[in-house]
Amino acid sequence: MERTPRSRPTGVTIIAILTIIAGAFSLIFGIGLITLGAVLPTLPPSVFNQSQLQGNITDGQALPIPPGTSPMALQSLLGGLGIAFGAVLVAIGIVSFFVAYGLLKGRGWAWTVTIILSIISIVWNAITIATAANFGGIISIIIDAIIIYYLYRPHVKAYFGKGVSPSPPPAA
């Protein structure tokens, strides 16, 4: 197995720091959603006054709740969804910390995971832009494209053991 070069490219450090920051946000929001999901079913049913939530569905300002849905069932459903989405975000946050560690240590699997996640992010943001006209995803696509480009640079691939290390110039 080929050894990785000793000096870590600066861009890899930056990508690892961004991964740590994204992981921290995922962890914080995930814990928040889990907490909200756990608290939601304990709130008094008056919080979920169906007439206020249902409103006039045609105006686009109300939740499309089927008539006759009990507030307790709605609270349980929303609480369960909050816990489920929160658990996914917590898992993503934890995995982000492992990937950042792998990036900092020059592990080949971290390079592969980062490439795969960047491609998934590009596809997801392209779909979001196409279906919801959410143009904020363009910045994310650009950042992910830059990350992929950078990770494919020969010296970066060599750091992760994915390519041939640049050989030193011949001695004169």
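Treat the numbers as computed from the prediction; the structure is a model and nothing was measured.

Draft legend 1. Structural context of the packing of helix H1 (residues 10-39) against helix H5 (residues 137-151). Contact geometry of H1 with H5 gives a least axis separation of 11 Å together with a crossing angle of 140°. The angle between H1 and H5 places the two elements in the oblique class. Between H1 and H5 lies a crossing whose hand is left-handed. Each of Thr10, Gly11, Val12 and Ile15 in H1 lies in contact with H5, whose residues at this interface are Ile147, Tyr150 and Leu151. Split by residue class, the contact of H1 with H5 holds five nonpolar, two polar and no charged.

Draft legend 2. Representation of the packing of helix H4 (residues 108-132) against H5 in the model. Contact geometry for H4 and H5: axes closest at 9 Å, N-to-C directions at 155°. In terms of their interaxial angle, H4 and H5 are classed as roughly antiparallel. Relative to H5, the crossing made by H4 is left-handed. Contact residues: Trp111, Thr114, Ile115, Ser118, Ile119, Ser121, Ile122, Asn125, Ala126 and Ile129 in H4; Gly137, Ile138, Ser140, Ile141, Asp144, Ala145, Ile147, Ile148 and Leu151 in H5. Its residues assigned to classes, the contact of H4 with H5 comprises 12 nonpolar, six polar and one charged.

Draft legend 3. Quick peek at a nonpolar patch on the surface. A grouping of Ile14, Ile17, Leu18, Ile21, Phe25 and Phe29 is seen on the molecular surface, where their side chains present a nonpolar patch of about 600 Å² in accessible area. Inspection of the secondary structure puts Ile17 in helix H1. Accessibility expressed as a relative area gives 44% for Ile17, which makes it partly exposed.

Draft legend 4. Examining the side chain of Asp144 more closely. Position of Asp144 among the secondary structure elements: in helix H5. Arg153 is the oppositely charged side chain nearest to the buried, salt-bridge-free Asp144, at an N-O distance of 17 Å. Excluding residues within four positions of it along the chain, Asp144 makes contact with Ser118, Ser121, Ile122 and Asn125.

Procedures and definitions
Residues numbered from 1 in each chain as written. Predicted model: local features only at pLDDT ≥ 70, side-chain atom pairs only at ≥ 80, totals over all residues. Heavy atoms only, no water. Axes fitted to C-alpha atoms, helices over the stretch in contact; angles between N-to-C directions. Helix = DSSP H or I, 4+ residues; strand = E, 2+ residues; numbered from the N terminus. Parallel < 35°, antiparallel > 145°, perpendicular 65-115°, else oblique. Left-handed = near helix turned anticlockwise from the far one by under 90°. Contact = heavy atoms within 4.5 Å. Nonpolar A, V, L, I, M, F, W, Y, C, P; charged D, E, K, R; others polar. Patch = residues over 30% accessible without salt bridge, like charges linked within 9 Å, V, L, I, M, F, W, Y side chains within 5 Å. Areas by Shrake-Rupley, 256 points an atom, 1.4 Å probe, with all protein chains shown as cover. Salt bridge = Lys/Arg side-chain N within 4 Å of Asp/Glu carboxyl O. Buried < 20%, exposed > 50% of the residue type's maximum accessible area, 1.4 Å probe, protein only. Lys, Arg positive; Asp, Glu negative; His and termini not counted.

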